Structure formats: structure tokens, C-alpha cells
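Analysis of the macromolecular model
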Amino acid sequence: MNNLINHDLAHQYLIAEFTLRTLERDLKHLNDLKTAEVIEKLYEDVLTEVRADLVAINAQMKREGLRFVGERKISEVFIGFEFNQKGISDELRYANYALRNHTLQAIKIKLG
């Protein structure tokens, strides 16, 4: 019997969620740019794509019985994310900078 959750899927969920949050937050601050109209359209297209990715990830999580439970601050440097899959609980831990780097890399890929 496998006593582990699907870490790859949990990681995909977290990065997609943080990518969505980051892009939505940044979109609110584009008004001061001279190229705001062009960049806003690009961001909206990428946000649509990220939302679709998140819907697909959530559907796969549901099929596999994987559920995001919550997050907790472990220290000033680390954060933990708790997942439950078919009665098995596990926590993924990330350094804040690593989570930021994963998110920025995902945004770079989406923006092309």
C-alpha cells in the first residue's frame, strides 16, 4: 500500500494557485504604465489560461481524492501546505524564496 499523497499534483496545484494570485495582484497595479492597455490584455489572456489549468488540476485532484487542507507559517523562511488524500495527510514544505522562484518561472513560461 502506498502511504504517500501525489506530491507532483499537489505541487502543480500550489504553483498554479500562487501564479493566479500573483498575476491578479499585479494586474491591479498596471494602471500607472503607459503601455497598460497592451499589458493588461496580455495578463488577462494569461489569467484565463492559468484559470483553465487550475480547473483541470482541481478535476484531477478530485478524481484522485486529493484535497488541499490549508497552509501554515512554519518560520520566517518556511511555509507548510497540508494535503489529504484518501485518509492520508501530508505536508509539503517550501522556503519562501523557492516558492517565489517556482511561481516566477511559471509566469515566465506562461508569458512566453
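Now for a description of the structure that goes with this document. (Residues numbered from 1 in each chain as written. Predicted model: local features only at pLDDT ≥ 70, side-chain atom pairs only at ≥ 80, totals over all residues. Heavy atoms only, no water.)

Overview of the overall build of the protein
For the protein, the helix and strand inventory stands at 3 helices and 3 strands. The order of helices and strands in the protein, counted from the N terminus, is α-α-β-β-β-α. Scored against the burial criterion, the 112 residues of the protein give a buried share of 34%. A total of about 7,500 Å² of accessible surface is found on the protein, and carbon and sulfur atoms cover 53% of it. Of the side-chain charges in the protein, 16 are positive and 17 negative, and the distance between the mean point of each set is 3 Å. (Helix = DSSP H or I, 4+ residues; strand = E, 2+ residues; numbered from the N terminus. Buried < 20%, exposed > 50% of the residue type's maximum accessible area, 1.4 Å probe, protein only. Areas by Shrake-Rupley, 256 points an atom, 1.4 Å probe, with all protein chains shown as cover. Lys, Arg positive; Asp, Glu negative; His and termini not counted. Charge placed at Lys NZ, Arg CZ, Asp CG, Glu CD.)

A word on the packing of helix H1 (residues 7-28) against helix H2 (residues 36-64)
For any two helices packed against each other, one specifies the inter-axial angle together with the distance between the axes. Viewed as axis vectors pointing N to C, H1 and H2 meet at an angle of 155°, and their least axial separation amounts to 9 Å. Viewed along their axes, H1 and H2 adopt a mutual orientation that is roughly antiparallel. The way H1 lies across H2 gives a crossing that is left-handed. Residues that form the contact of H1 with H2 fall into these classes: 13 nonpolar, 4 polar and 7 charged. (Axes fitted to C-alpha atoms, helices over the stretch in contact; angles between N-to-C directions. Parallel < 35°, antiparallel > 145°, perpendicular 65-115°, else oblique. Left-handed = near helix turned anticlockwise from the far one by under 90°. Nonpolar A, V, L, I, M, F, W, Y, C, P; charged D, E, K, R; others polar.)

Here's the deal with the sheet that holds strand E1 (residues 66-73)
Taken in spatial order, the 3 strands make up an open sheet running E1-E2-E3, and their pairing is antiparallel. At either margin of the open sheet sits one strand with a lone partner, and together these are E1 and strand E3 (88-95). Across the sheet, the mean angle separating the axes of adjacent strands is 25° when strand polarity is ignored. In this structure, E1 lies alongside strand E2 (residues 78-85), joined through 7 bridges in antiparallel fashion. Note that in E2 the partner of Arg 67 across the bridge is Asn 84. Against the sheet, H2 makes contact with E1 and E2, and its axis sits at roughly 110° relative to E1, the strand it touches most. The sheet contacts of helix H3 (residues 96-111) involve E2 and E3, and relative to E3 the element is tilted by about 90°. (Pairing = 2+ DSSP bridges. Contact = heavy atoms within 4.5 Å.)

Thoughts on the nonpolar core
Core analysis: the biggest nonpolar cluster contains 29 residues, and Phe 81 and Phe 83 have the highest contact counts within it. Counting only elements with at least two residues in this core, the list comes to H1, H2, E2, E3 and H3. In terms of residue count, H1 provides more of this core than any other element does, 10 residues in total. (Core = buried A, V, L, I, M, F, W, Y, C linked by side-chain atoms within 4.5 Å.)

Structural notes on H1
The end-to-end C-alpha distance of H1, which contains 22 residues, comes to 32 Å, matching closely the 32 Å that a straight helix rising 1.5 Å per residue would cover. Here H1 starts with a cap whose side-chain oxygen sits 3.3 Å from the backbone nitrogen of Asp 8, and that cap is Asn 6. (Expected span 1.5 Å × (residues − 1). Polar contact = N/O pair within 3.5 Å; in protein donor to acceptor, adjacent residues only side chain to side chain.)

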